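# Results of the structural survey
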Amino acid sequence: MIVTEPARTARPRTYLMCPPEHFKVEYVINPWMHTDTPVDTALAVKQWQRLHDTVVDLGHEVHVLAPGDDLPDMVFAANGAFSVDGVVYGARFRYPQRSAEADVHRAFYLARADKWRFVAPTQVNEGEGDFAYLPAAHGGLILAGYGFRTEPAAHSEAQEVLGRPVVSLRLVDPRFYHLDTALAALDDANIIYYPDAFSESSRAVLRQLFPDAVVATEDDAMAFGLNLVSDGRNVLLNTDCGPLATRLATAGYNPVLVELAELKKGGGSVKCCMAELRG
Ligand code: ARG
């Protein structure tokens, strides 16, 4: 048998995660959340721990944020801020139920002020939920989603704070309410996305900027397959994403599947749990 090694190379990363010790679905702010669906918090913690350990085993550094007991969505650490080259653009949540999370993230960066310059936002934005960074695309490009959570005014604010061009993309399907449910960076220069989650014009922009993008299906998106984390080679996906994993393997990536079914009840998966810290 001929074994072909994946041609892709991984770049070591640093992430921020928060265990779902207080994870519940006690309010509804996206179409995936149902307060009558029972949540097994202990199972959520186990699944999260597996994800955490898998990331560490892949050679990445993970910082862990202590969860707040009255903040059931805090496991979705990606929403707490967005950093590029040591500058951190803080989050400001759309819904009051999550607004205190931003302060916990802010405190994390302020406590490490030697490494991070934290800039408080004036505009509503949900961090890496709606911002993605491609360091090697067009010299360093930020993709930004709006339509459900982040305000378009936050896109220009992020551009001023971070000094990188920001491309605004309009999300049109409420099931894919954050950019990171519809698009992900596969490596430093390329993306995967689900076209129908975007307006026609935003789709045209993505086609123009990323002619080699991997195009995902509705099934991939419904399985939270776009909510992936890639280090350039290893692609972390939840276990519902078998067909997508096969296609990514054919494209030279190494898919790594992790069970995260409990967290899907909150409307999130792999990427939502992991904020990348770009120092
Ligand atoms: N329940 C959370 C919310 O609706 C889920 C957030 C998912 N996070 C993400 N990065 N997409 O705000």
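Structural data are supplied above this passage.
Notes on the structure follow. (Residues numbered from 1 in each chain as written. Predicted model: local features only at pLDDT ≥ 70, side-chain atom pairs only at ≥ 80, totals over all residues. Heavy atoms only, no water.)

## Some remarks on the site of the ligand
The immediate surroundings of the ligand are formed by 15 residues, with Asn30, Arg98, Asp180, Gly266 and Cys272 found nearest. Measuring from an oxygen atom of the ligand, one finds a side-chain N or O atom of asparagine 30 at 2.7 Å. A distance of 2.8 Å separates an oxygen atom of the ligand from a polar side-chain atom of arginine 149. Taken by itself the ligand offers 350 Å² of open surface, and the protein chains cover 100% of this. Residue composition of the shell around the ligand, grouped by class: 5 nonpolar, 6 polar and 4 charged. (Near = heavy atom within 4 Å. Polar contact = N/O pair within 3.5 Å; in protein donor to acceptor, adjacent residues only side chain to side chain. Areas by Shrake-Rupley, 256 points an atom, 1.4 Å probe, with all protein chains shown as cover. Nonpolar A, V, L, I, M, F, W, Y, C, P; charged D, E, K, R; others polar.)

## Side note on the packing of aromatic side chains
Any two aromatic rings considered together are summarised by their centre-to-centre distance and by the angle between their planes. Evaluated as defined, the whole model comprises 9 aromatic pairs. Taken together, Phe108, Tyr109, Trp116 and Phe118 form an aromatic cluster joined through their ring pairs. (Phe/Tyr/Trp six-rings, centres within 6.5 Å; stacked < 30°, edge-to-face > 60°.)

## Some details on the nonpolar core
Judged by nonpolar contacts, the single largest core of 39 residues is most densely connected at Leu143, Leu183, Phe198 and Phe210. The residues touching leucine 143, leaving out its near neighbours within four places in the chain, are Asp130, Phe131, Ala132, Leu134, Val167, Leu169, Leu179, Leu183, Ile191, Leu206 and Phe210. Counting residues in hydrophobic clusters, the runner-up holds 24 residues, among them Met33, Leu236, Val258 and Met274. (Core = buried A, V, L, I, M, F, W, Y, C linked by side-chain atoms within 4.5 Å. Buried < 20%, exposed > 50% of the residue type's maximum accessible area, 1.4 Å probe, protein only. Contact = heavy atoms within 4.5 Å.)

## Focus: the pairing of strand E13 (residues 234-238)
Across the 5 residues that make up E13, a large majority, 5, are buried. Pairing of strand E12 (residues 229-230) with E13, which is carried by 2 bridges, proceeds in the antiparallel orientation. By the bridge assignment for E13, valine 229 is matched with leucine 236. Two successive antiparallel strands, E12 and E13, enclose a turn made up of 3 residues, where glycine 232 displays a positive phi of approximately 105°. (Helix = DSSP H or I, 4+ residues; strand = E, 2+ residues; numbered from the N terminus. Pairing = 2+ DSSP bridges.)

## Looking at the sheet that holds strand E8 (residues 166-170)
Strand order in the open sheet made by the 3 strands is E6-E7-E8, with mixed pairing throughout. This sheet does not close on itself; its edge strands, each paired only once, are strand E6 (131-134) and E8. Neighbour to neighbour, the strand axes of the sheet diverge by 25° on average, direction disregarded. Across 4 bridges, the pairing between E6 and strand E7 (residues 141-146) is antiparallel. Pairing of tyrosine 133 across the sheet is with isoleucine 142, part of E7. (Axes fitted to C-alpha atoms, helices over the stretch in contact; angles between N-to-C directions.)

## Focus on the pattern of salt bridges
A complete count under the given rule lists 17 salt bridges for this structure. Where arginine 11 meets aspartate 188, a salt bridge forms, and the shortest distance between an N and an O atom there is 2.8 Å. Placement of the pair is arginine 11 in the segment before strand E1 (14-17) and aspartate 188 in the loop between strand E9 (183-185) and strand E10 (191-193), with a sequence separation of 177 residues. Classification of arginine 11 as partly exposed rests on a relative accessible area of 34%. The partner of aspartate 220 in a salt bridge is arginine 247, and the shortest N-O contact between them spans 2.6 Å. Here the residue aspartate 220 occupies a position in helix H5 (residues 218-222), and arginine 247 occupies one in helix H6 (residues 242-250), the gap between them amounting to 27 residues. (Salt bridge = Lys/Arg side-chain N within 4 Å of Asp/Glu carboxyl O.)

## Focus on the sheet that holds strand E11 (residues 214-215)
Pairing within the open sheet is mixed, and its 3 strands lie in the order E9-E10-E11. The strands lining the two open edges of the sheet, one partner per strand, are E9 and E11. In this structure, E9 lies alongside E10, joined through 3 bridges in antiparallel fashion. Paired with leucine 183 across the strands is tyrosine 193, a residue of E10.

## Here we look at H6
For H6, the set of buried residues is Leu244, Ala245 and Leu248. Along the axis of H6, the buried positions cluster into a sector of 100°, meaning they face one direction only. Of the exposed residues in H6, the ones pointing more than 90 degrees away from its buried face are Pro243, Thr246 and Thr250. Residues of H6 that are buried make contact with E10, H5, E13 and strand E14 (254-258). Two residues or fewer past H6, glycine 252 is found with a positive phi of approximately 95°. (Arc of directions from axis to C-beta.)

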